[in-house]
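# Inside the fold
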Amino acid sequence: MCGRARCTLRADDIPRATHRGGQPSRTIDLDRYRPCYNCAPGRNLPVVRREENSDGDDYVLHCMKWGLIPSFTKKNEKPDHYKMFNARSESIYEKASFRRLIPKCRCLVTVEGFYEWKKDGSKKQPYYIHFKDGRPLVFAALYDSWKNSEGEIIYTFTILTTSSSPALQWLHDRMPIILGDKESTDTWLGRSSSSKFDTMLKPYGESDLIQLKKEDKNMISKFFMRKEIKKEEEEANGEEKSSHHDSVETDVHTSLKGEPKVEGCNEFSSSTDKSGDAKHLDDATGQGQVKRDYEEFSTDPDQRTCQTDATQTSPLKKKREVKSSEDKQPTLFDYFTKS
């Protein structure tokens, strides 16, 4: 699986990383690309693909969204980029979503590295996988185009995966297809027969994928926890301010909050995991239970007021009750009693 990656490369460095010579015949939508240390499905990334209807080595540098949306998807359907952000290479010839793309819609995706999570009891520890010498990773991918209800044509891609190499099986049972040299990138991008792909769609078994040290793992955990810590500080400040205005509301909010202490790295919940972007995010994208808890028990003053409504009587309701008891209209019986 490959659901998070780092891509801070300059757009003009992408062709060089994929062993392309000369300039691309054209570039498309590169203004949409934003370098990012934590790319998730749904993000725009530069992709190298072959120029359509070209007999030579012409190629296009095209910015596409990560997460395949098949062209046969209904126009009024909301796109879900987490549904097909990966494609199992063992079954691309069997599934219609991928099989029809193999002849002419192959492409190369370049990143500096990707993240993978290893389960450690109830927690997940992130690892960053990259080449020891710092050169970019090039993934085999497939792309497609889809026209939405507004008539906009959206290009999307999916990254091919395979079983993990022996060196990475301790971490996860799947890994992306890494094309480690010019020959493999030429074969995948060119007009080669599909019979040659079988030798390429294999785990990358070279020893130049870095093995992370313990201190490196801790730093990665802190990287993914940074946003959660910031939210926790903001909530603490919000509670301190609200205590001067309404002690009852603060007490109720504090009792409801009940946040567990954050340890290690929380798994995602898509997007950028937002996102995977639910269900797919719990496994692939990574914002965890803590985020959902913070959203449920927000420190926004309006939400706190709503939370305390169940335990307090509305002031307006009290006023109405008092008025109804003191200002009763006289009855006919009262009139004769007074006289």
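As a starting point, this report considers the structure included with it. Just so it is clear, the structure is predicted and the values come from calculations on it, not from any experiment.

## Regarding the overall build of the protein chain
Helix and strand content of the protein chain: 10 helices and 12 strands. Across the 339 residues that make up the protein chain, the buried fraction comes to 45%. Total accessible area on the protein chain stands at roughly 19,200 Å², and carbon and sulfur atoms take up 49% of it.

## Quick notes on the packing of aromatic side chains
Scanning all chains against the criterion turns up 10 aromatic pairs. Consider the rings of Trp66 and Phe157, whose centres lie 6.5 Å apart with planes at 5°: the pair is stacked. Of this pair, Trp66 sits in strand E5 (residues 59-66) while Phe157 sits in strand E11 (residues 153-163), and the two are 91 residues apart along the sequence. By the burial criterion, Trp66 is buried, and Phe157 matches it. Joined through ring pairs, the aromatic side chains of Trp66, Tyr82, Phe85 and Phe157 make up one cluster. Directly above the ring of Trp188 sits Arg106, whose terminal nitrogen or CZ lies 5.7 Å from the centroid. For Arg135, the ring lying beneath its charged end belongs to Phe131, and the centroid distance is 3.7 Å.

## Focus on the pattern of salt bridges
Any two side chains of opposite charge can pair, so long as their charged atoms come close to each other. Evaluation of the coordinates by the stated rule reveals 13 salt bridges. For Arg6, the salt bridge is made with Glu112, and the minimal N-O distance between the two is 3.5 Å. Of this pair, Arg6 sits in strand E1 (residues 4-7) while Glu112 sits in the loop between strand E7 (106-111) and strand E8 (113-120), and the two are 106 residues apart along the sequence. Sharing partners across several salt bridges, the network here consists of Arg20, Lys182 and Asp186.

## Considerations on helix H3 (residues 182-189)
Those residues of H3 not exposed but buried are Ser184, Thr185, Thr187, Trp188 and Leu189. Next to the buried residues of H3 lie strand E4 (44-50), E7, strand E10 (137-147) and E11. Residue Asp181 occupies the N-cap position of H3, its side-chain oxygen lying 3.4 Å from the main-chain nitrogen of Glu183.

## Some thoughts on the nonpolar core
Core analysis: the biggest nonpolar cluster contains 58 residues, and Phe139, Phe157, Trp188 and Leu209 have the highest contact counts within it. Once residues lying within four places of it in the same chain are set aside, the contact partners of Phe139 are Cys2, Cys107, Leu108, Val109, Val111, Phe114, Ile159, Pro176, Ile177 and Ile178.

## Comments concerning the pairing of E8
The sheet contact formed by E1 and E8 spans three bridges and is antiparallel. If you follow Ala5 over to E8, its bridge partner there is Phe114. Taken together, the seven bridges between E8 and strand E9 (residues 123-129) define a ladder with antiparallel strand orientation. Along E9, the bridge assignment pairs Lys119 with Lys124.

## Observations regarding the pairing of E10
Among the 11 residues in E10, nine count as buried, and that is most of the element. In terms of strand pairing, E7 meets E10 through six bridges, oriented antiparallel. Opposite Val111, over in E10, you have Leu137 as the bridge partner. Where E10 lies against E11, seven bridges are found, and the strand directions are antiparallel. Following the sheet pairing, Asp144 is matched in E11 by Thr156. The turn joining E10 and E11, which pair antiparallel and follow one another in sequence, is formed by five residues; a positive phi near 85° is taken by Gly151.

## Here we look at the side chain of Thr185
Position of Thr185 relative to the elements: it lies in helix H3. At 3.2 Å, the side chain of Thr185 and the side chain of Arg20 are in polar contact.

## Things to note about the sheet that holds strand E3 (residues 36-39)
Taken in spatial order, the four strands line up as E3-E1-E8-E9 in an open sheet, and their pairing is antiparallel. Edge positions in the sheet fall to E3 and E9, since each of these pairs with one other strand and no more. The mean angle between the axes of side-by-side strands here comes to 25°, regardless of whether they run parallel or antiparallel.

Rules and cut-offs
Residues numbered from 1 in each chain as written. Predicted model: local features only at pLDDT ≥ 70, side-chain atom pairs only at ≥ 80, totals over all residues. Heavy atoms only, no water. Helix = DSSP H or I, 4+ residues; strand = E, 2+ residues; numbered from the N terminus. Buried < 20%, exposed > 50% of the residue type's maximum accessible area, 1.4 Å probe, protein only. Areas by Shrake-Rupley, 256 points an atom, 1.4 Å probe, with all protein chains shown as cover. Phe/Tyr/Trp six-rings, centres within 6.5 Å; stacked < 30°, edge-to-face > 60°. Lys NZ or Arg CZ within 6 Å of the ring centre and 35° of its normal. Salt bridge = Lys/Arg side-chain N within 4 Å of Asp/Glu carboxyl O. Contact = heavy atoms within 4.5 Å. Polar contact = N/O pair within 3.5 Å; in protein donor to acceptor, adjacent residues only side chain to side chain. Core = buried A, V, L, I, M, F, W, Y, C linked by side-chain atoms within 4.5 Å. Pairing = 2+ DSSP bridges. Axes fitted to C-alpha atoms, helices over the stretch in contact; angles between N-to-C directions.

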